[in-house]
Every structure is written in C-alpha cells, then in structure tokens.
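# Per-entry structural report
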Amino acid sequence: MSTNGRWKWQDVNKVNFSKIRTTIETAFYGNNVELLTSRREAYKKALKSPGTIATDLFVYKPELLNLDEGTRILLFNDGATVGRFAGARKIIGMPGVNEDQLAEIVREAIYGTRFRKMYHAISFTGLHPDFIVKNHILIPEGFENTVYNWLLNFQDLTPEYSLMYENSKILNEPDIYIFTDPDWSHPNYPGGLALFDPNNNCAALLGLRYFGEFKKGTLTLGWSVGNRQGYAACHGGLKKYEYDGKHFVAAFFGLSGSGKSTLTHAKHKDKYQITVLHDDALVINLEDLSSIALEPSYFDKTSDYPLTSEDNKYLITIQNCGATVDENLRVVPVMEDIRNGNGRAIKSKLWSPNRVDKIEEPVNAIFWIMKDPVLPPVVKIEDPILASTMGATLATKRTSAEKLLPGVDPEALVFEPYANPFRTYPLSEDYNKFKALFEKGVECYIVNTGFYLNKKVPKELTLEIIEQIVEKKANFVDWFGGLKTMQIPEFEVRTSDYEYRELVKLSLTKRVEFIKNKEIENQGYDRLPEECISSLNNLISLL
C-alpha cells in the first residue's frame, strides 16, 4: 500500500483537504524551500551547521547506508529539554480541541518562517509493499542535524524503496506532511505545541527541539494510518526465534527504559537463530498475524553503552551527550548519561545481524513489560478480554525520555495503555485489535522487569523465563482467577498472605479506577467496553 501525493482536479475539495492540512501542505511550495532527500547532502549540511561536533569516529560500512566513505559520527546537543513533552500534544477531533484557533496559530507560525530557508525532506514509514507511507517534513535552516537524523531514522528514497513504493497499491490515504519550527514560541504554549490532524495525515511541531519529537511525531501519523488500514499499531519490539526446525515470534511492549529494546536484541548466548524486525515501531496484520517494521534504524539510549562498548560500532549520530579528547587526540563522545539524562544515538540497521523488514510467520506471543511491584516475574493470561485489558492498563514508571511537569513524581506507578502514548484515535480501537489477536491464539504474558515487592528482577531471569516459553518448557501453575505464574526460587508468590493479597487488590483496583476515569476524561473519548472492568472486578472478588 502507498499513499496519495497527486490529485485530480475534481478531487481537490473539502472532502480530501481539511483546514489544517491545507495550511501545512501549502508551506511546502514556497520559494524559500529547498528539497533535501539525500542522506549524503544532509550530512554535508549537518557537518557545517553551527554547534555540530564532528567526532573522530567513523560510520561503519557507510556505503550500505547511502553515505560516503569517511562519514564521521556527528554529535549535536539540545539545551535544557532532552526528552519528549506529552503536554505539548493536541489532536484534532478530540473533545475540547479548537481546530479554528489552532489553524490560526499554525498560519502565523508558517508566516514567521517567511524569511528563513526551509528544508523539505522526504522519507518512507513502513518497509514493505504491504505497508509503505510517504512522509514530507519541513525543517528550518539551522537545524540541519534534525534533517539528517530524520533521514537516517526513516527510510530514505533509495531506488529500491522508491520502486517498491511506486509498485504498491495506492490507498485512500494522503501523504504525510509535517511542518516544524523548533524556534517557535507562544505564551499559551510554553512547552511547545505538537498538533496532529490524524485523519488528514498532517502535523505541526512547534517550539520542540528534541529529535524524539520529530521521530515520534512522524510515527504517530504512520501508526494512525496503520490503524485505519486494519493493522494493530505497535510501540514495541518483535523478533523471531528459530531452533531445531521450529520458530517462535514474540512481541515486547513497554515504555522507554522498561527493557523493550534489551529483550528484542538479546542474543540468548546464541542458543537460537534470531531475526529482528524492530525494537520500537511496527504494525501487525490482523488477518495473517504477519508483522512489518516501520523504520530501518534504531533510536537508542546511550546510558548503557560506555565508550568501550562494541555496540558503539554501529552509531551514526549522537544527541545530548558529552565530548572529550582521548590519548590519541581524537574527539570522542562521553556516554552513560553523564552530561544529562536520556542521551541518545541513531544506530544503523546493521546493529542487528539478522534484520528483516517483514516477518511472515504469525506472532506467537505478546509480552506486556511492566514495573508493577506486586506482579511476580511472569504471569500468563489465557482470557482474551483480560489479556487486552491488562495491556490497556500496562503499569510502568516514567523515564528520562520524557519531560515531566514540575511536581510529577518520576517514580510513581502510571498506566500507559499498550505502552503507546502516541495514539491519535480512541483507545477502544487498540483494545479491540489486541483482543482480536488473543482470540486468534496469540499467547499473552506479563513480565515484570522492575521489582517484585522489594526484590529486583534480574535481566538474566527475565531472559531465562522467555527462553523457557519459547522452547515450550515453561512450567506454569495456577495463581488465581485463571492467571498462571511460575514457581521461581526467591520470588515465591504468597497469595495466602493477607498483606500481599491486599497489595494485589490495590493494584487491580487502581486499574479499575483508571478505566473508570476514561469514561469521564475528554467526554469519554477513550472509554473502554464494560467487559474490561468486569474482568478486573472478577479478579478482585477472589482476593
């Protein structure tokens, strides 16, 4: 499938063009706009952009990434903000969002760039003929590193993918258009404005510098397209295990810092032949349960990768990290979040030795990654309603990838449905899609990668549990209410203990309250079916 970027005259009308869409796309045709679609040219501009640090480290196998031999790993740093700000998001179509007022703000923002050169970059979201969407973004001069990173993160217009796009079926979806101005400011939006018109595939990112806003802003619209086209939109990682002539496809869902990327890229001491689809962005076909990656590269944290790490071999660019000089007088990065939290890097797809754009085999299991301290290291859920409900109340903690408002406790337990804070459509649509996956036989597990009560669940234990599930050697025992768990030394589940039962009851009650609040917030826009609360209340009644 491909999107539509050319229109017959009779189709240029109110049916196909909204107020916001028309305002944003029009900006792309100004005489102050320079088309920039080549990674090589974007690199040259980023290299000369004020503030860029050209390290003395070189990109590995640049010829495979549409870059020239001798391309250096570039480092560029933002200011105070080094994470995404959820408070900036406004979605056309949601209750209380005034389209006319916001359209006026966007018009003025675009006019404010009249005397600046704007770069028009183009890329693809989706890496297979079954799902490939064309993206356009407008970024002001002075932010060449953002243009370069965006072209690295998404698929650039290579002959191979351009031909794939041209030969794929055109759907009734317009190309994605995104206008940006990181220097923009407005007294009513001190943290910036991320405006989305998802039904018309367009957005405006204003007053936002952090590259994660550009990446997730583009993916937000791509996921929205996938949702409309019969896919489950997934902010997660997916891999295929092969052993003894068998295969097992697992998907991992969790917020940044939960272990999603770690579990996706784990090599399991080479026990299996591992094929990685992606660790962050994909869609799952509801019909045949196949899966497609949305982007080629990886936007990874640098906190776990000191300068000596072998994984740094695959770096292309670095953001929000320090720099120093080594013993050979080479400029090298200072990693491990010493400068600030949430240091980031774009790694090439070569990081995964067996990387594919589509996995044809159906998904076998979905793992909700949580940090709820009352949950044992692993829980198996066999009821599709409860399985999707637990995904809708995925419990985790905030991370340095997010910019939090003053007073927000970063250690507080929060619920982030399906680990996807980038949804632009009613939550019930995700609920029904994941429920359908479980009804088709996809297994559901919760893995706790945080603390179980006061004891940390080690990464090695989580990997061992997953291996046993993959090899169908996991010995699950009944817990309560149809839930199952494993008997693990030092992590005994003492449901007979009154205090522990009360903690579990409190955790489930908070989930019920979260769902009830969805019936009120935004005039019930994210209301879930009654069966969700019923499934949780059934568990509570047994404690």
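A short tour of the structure in this document, coming up. (Residues numbered from 1 in each chain as written. Predicted model: local features only at pLDDT ≥ 70, side-chain atom pairs only at ≥ 80, totals over all residues. Heavy atoms only, no water.)

## Some words on the overall build of the protein chain
In terms of regular secondary structure, the protein chain is built from 12 helices and 32 strands. Computed over its C-alpha atoms, the radius of gyration of the protein chain comes to 23 Å, within 12% of the 24 Å expected for a compact globule of 543 residues. Projected onto its principal axes, the C-alpha positions of the protein chain cover 70 × 60 × 50 Å. Within the protein chain, buried positions represent 59% of all 543 residues. (Helix = DSSP H or I, 4+ residues; strand = E, 2+ residues; numbered from the N terminus. Rg over C-alpha atoms; globule rule 2.2 N^0.38 Å. Buried < 20%, exposed > 50% of the residue type's maximum accessible area, 1.4 Å probe, protein only.)

## Focus on the sheet that holds strand β7 (residues 131-140)
Spatial ordering of the open sheet is given by β2-β6-β7-β9-β11-β10-β5, a layout of seven strands whose pairing is mixed. The sheet terminates laterally at β2 (33-35) and β5 (89-91), the two strands that pair on one side only. If you compare each strand with its neighbour and ignore which way they point, the axes differ by 20 degrees on average. Summarising the sheet, β5 and strand β10 (residues 193-197) pair through three bridges and their orientation is parallel. Among the inter-strand pairings, K90 is bridged to a residue of β10, identified as L195. (Pairing = 2+ DSSP bridges. Axes fitted to C-alpha atoms, helices over the stretch in contact; angles between N-to-C directions.)

## Some details on the pattern of salt bridges
Under the definition given, this model contains 33 salt bridges. Put simply, K358 and D130 hold a salt bridge, and the shortest N to O gap is 2.7 Å. Residue K358 is found in strand β23 (residues 358-359), and its partner D130 is found in the loop between β6 (118-128) and β7; the two are separated by 228 residues along the sequence. For D130, a relative accessible area of 35% corresponds to the partly exposed category. Across the pair E502 and K505 runs a salt bridge, and its minimum N-O distance is 3.4 Å. Of this pair, E502 and K505 both sit in helix α11 (residues 498-518), separated by three residues, roughly a single helical turn. Three or more residues are tied together by salt bridges with common partners; here these are K215, K216, K260, D280 and E295. (Salt bridge = Lys/Arg side-chain N within 4 Å of Asp/Glu carboxyl O.)

## Re the nonpolar core
Counting 93 residues, the largest nonpolar core has I366 and W368 as the members making the most contacts within it. Once you skip the residues sitting within four places of it in the chain, W368 turns out to touch F253, A387, M390, G391, L394, Y418, F434, F438, C444, Y445, I446 and V447. (Core = buried A, V, L, I, M, F, W, Y, C linked by side-chain atoms within 4.5 Å. Contact = heavy atoms within 4.5 Å.)

## Focus on the state of the cysteines
Under the criterion given, the structure shown has zero disulfides. Note on C532: no disulfide assigned, nearest cysteine sulfur contributed by C444 at a separation of 13 Å. (Disulfide = S-S within 2.5 Å.)

## What to know about the sheet that holds strand β12 (residues 231-234)
With antiparallel pairing, the four strands of this open sheet are ordered in space as β12-β16-β17-β23. Only two strands of the sheet have a single neighbouring strand rather than two, namely β12 and β23. Each of β12 and β16 (282-285) is contacted by helix α6 (residues 211-228), which is oriented at about 155 degrees to β12, the strand it contacts most. Relative to β12, helix α9 (residues 427-439) is tilted by about 110 degrees, and along the sheet it contacts β12 and β16.

## Considerations on helix α12 (residues 530-541)
Given a rise of 1.5 Å per residue, 12 residues ought to cover 16 Å, and the 17 Å separating the end C-alpha atoms of α12 matches this to within 8%. Among the residues making up α12, those that are buried are C532, I533, S535, L536, L539 and I540. Viewed along the axis of α12, the buried residues span an arc of 160 degrees, placing them on a single side of the element. Residues of α12 that are exposed and point over 90 degrees away from its buried face: E530 and S541. If you follow the buried residues of α12, they end up packed against α8 (384-392), α9 and α11. (Expected span 1.5 Å × (residues − 1). Arc of directions from axis to C-beta.)

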